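An overview of the molecular structure
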Amino acid sequence: MSYDKRAFFNSILSVRLRVKEEDLNKAITIFKLKFKDKSQSWIRRCIRRLIDISASPKPNTWIVRGRPILGDYEAFYIITLHRRDGKYSCTCYDPKKLFGYRRMKDICTHVGAVILWRMIKEKSIDDFIYHK
Ligand SMILES: [Zn+2]
């Protein structure tokens, strides 16, 4: 994606997320620094998933709509933040499911997207400090 295309995509994204474009860009910059060991495609998939996230009525729980184009097999995934250790789990980590183990070793893009979404929508301070 060229710079102009990406800037255009981010401005549409900021409208859809109902946040200021500069806040979105700032969050993405911090997110990239925080996950600097991750590939560009991992980061990109997290950003693309932002529009698929909904907060659940249950505290510390989010729902990410699955998209086959991003390699998803399920209609949705449930991400839970475990307050005790500050770690997230995702229903795609279920070892009974295909690729469950493979994905558990690494943080999945569903969890990555929720972390970024919270940084943007909740300005979540714990994710700046505690995660990993
Ligand atoms: Zn996942």
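As the structure is a computational prediction, the values presented were derived from the model and not from experiment.

Rules behind the numbers
Residues numbered from 1 in each chain as written. Predicted model: local features only at pLDDT ≥ 70, side-chain atom pairs only at ≥ 80, totals over all residues. Buried ≥ 20, exposed ≤ 12 C-beta atoms within 10 Å, placed from the backbone. Helix = DSSP H or I, 4+ residues; strand = E, 2+ residues; numbered from the N terminus. Pairing = 2+ DSSP bridges. pLDDT = per-residue confidence, 0-100. Contact = placed C-beta atoms within 7 Å. Expected span 1.5 Å × (residues − 1). Axes fitted to C-alpha atoms, helices over the stretch in contact; angles between N-to-C directions. Parallel < 35°, antiparallel > 145°, perpendicular 65-115°, else oblique. Left-handed = near helix turned anticlockwise from the far one by under 90°.

A short note on the pairing of strand E4 (residues 87-90)
- Only one face of E4 is buried: it carries Tyr88 and Cys90, and the other face, with Lys87 and Ser89, is open.
- Relative to E4, strand E3 (residues 76-82) runs antiparallel, the two sharing 4 bridges. From the neighbouring strand, isoleucine 79 faces E4, where its bridge partner is cysteine 90.

As for the confidence of the model for the protein chain
- Averaged over all residues, the pLDDT of the protein chain equals 86, while 84% of them reach at least 70.
- Per-element confidence in the protein chain is highest for strand E2 (residues 61-65), whose mean pLDDT is 96, and lowest for helix H4 (residues 100-104), whose mean pLDDT is 52.

Overview of helix H3 (residues 40-48)
- The complete set of buried residues in H3 reads Arg45, Cys46 and Ile47.
- Buried-residue contacts for H3 involve helix H2 (21-34) and helix H5 (109-121).

Looking at the environment of cysteine 108
- Position of cysteine 108 among the secondary structure elements: in the loop between H4 and H5.
- In this structure the C-alpha to C-alpha distance between cysteine 108 and tyrosine 88, which are 20 residues apart in sequence, comes to 9.9 Å.

Comments concerning helix H1 (residues 3-17)
- Here H1 spans 21 Å end to end across 15 residues, near enough to the 21 Å set by a 1.5 Å rise per residue.
- At the exit of H1 stands arginine 18, carrying a positive phi of roughly 55°.

Regarding the packing of H3 against H5
- As a packed pair, H3 and H5 sit with axes 8 Å apart at the nearest point and diverge in direction by 60°. In terms of their interaxial angle, H3 and H5 are classed as oblique. Crossing of H3 over H5 shows right-handed handedness. Together, Trp42, Arg45, Cys46 and Ile47 of H3 and Thr109, Gly112, Ala113 and Leu116 of H5 make up the contact between the two elements.

Examining the pairing of E2
- Burial along E2 is one-sided: the face carrying Trp62 and Val64 is buried and the face carrying Thr61, Ile63 and Arg65 is not.
- Here 3 bridges tie strand E1 (residues 53-55) to E2, and the two strands are oriented antiparallel to one another. Note that in E2 the partner of serine 54 across the bridge is isoleucine 63.
- If you look at the hairpin formed by E1 and E2, you'll find 5 residues sitting between the two strands, and asparagine 60 has a positive phi there, around 60°.
- Where E2 and E3 come together, 5 bridges link them in antiparallel fashion. Within E3, the residue paired with threonine 61 across the bridge is threonine 80.

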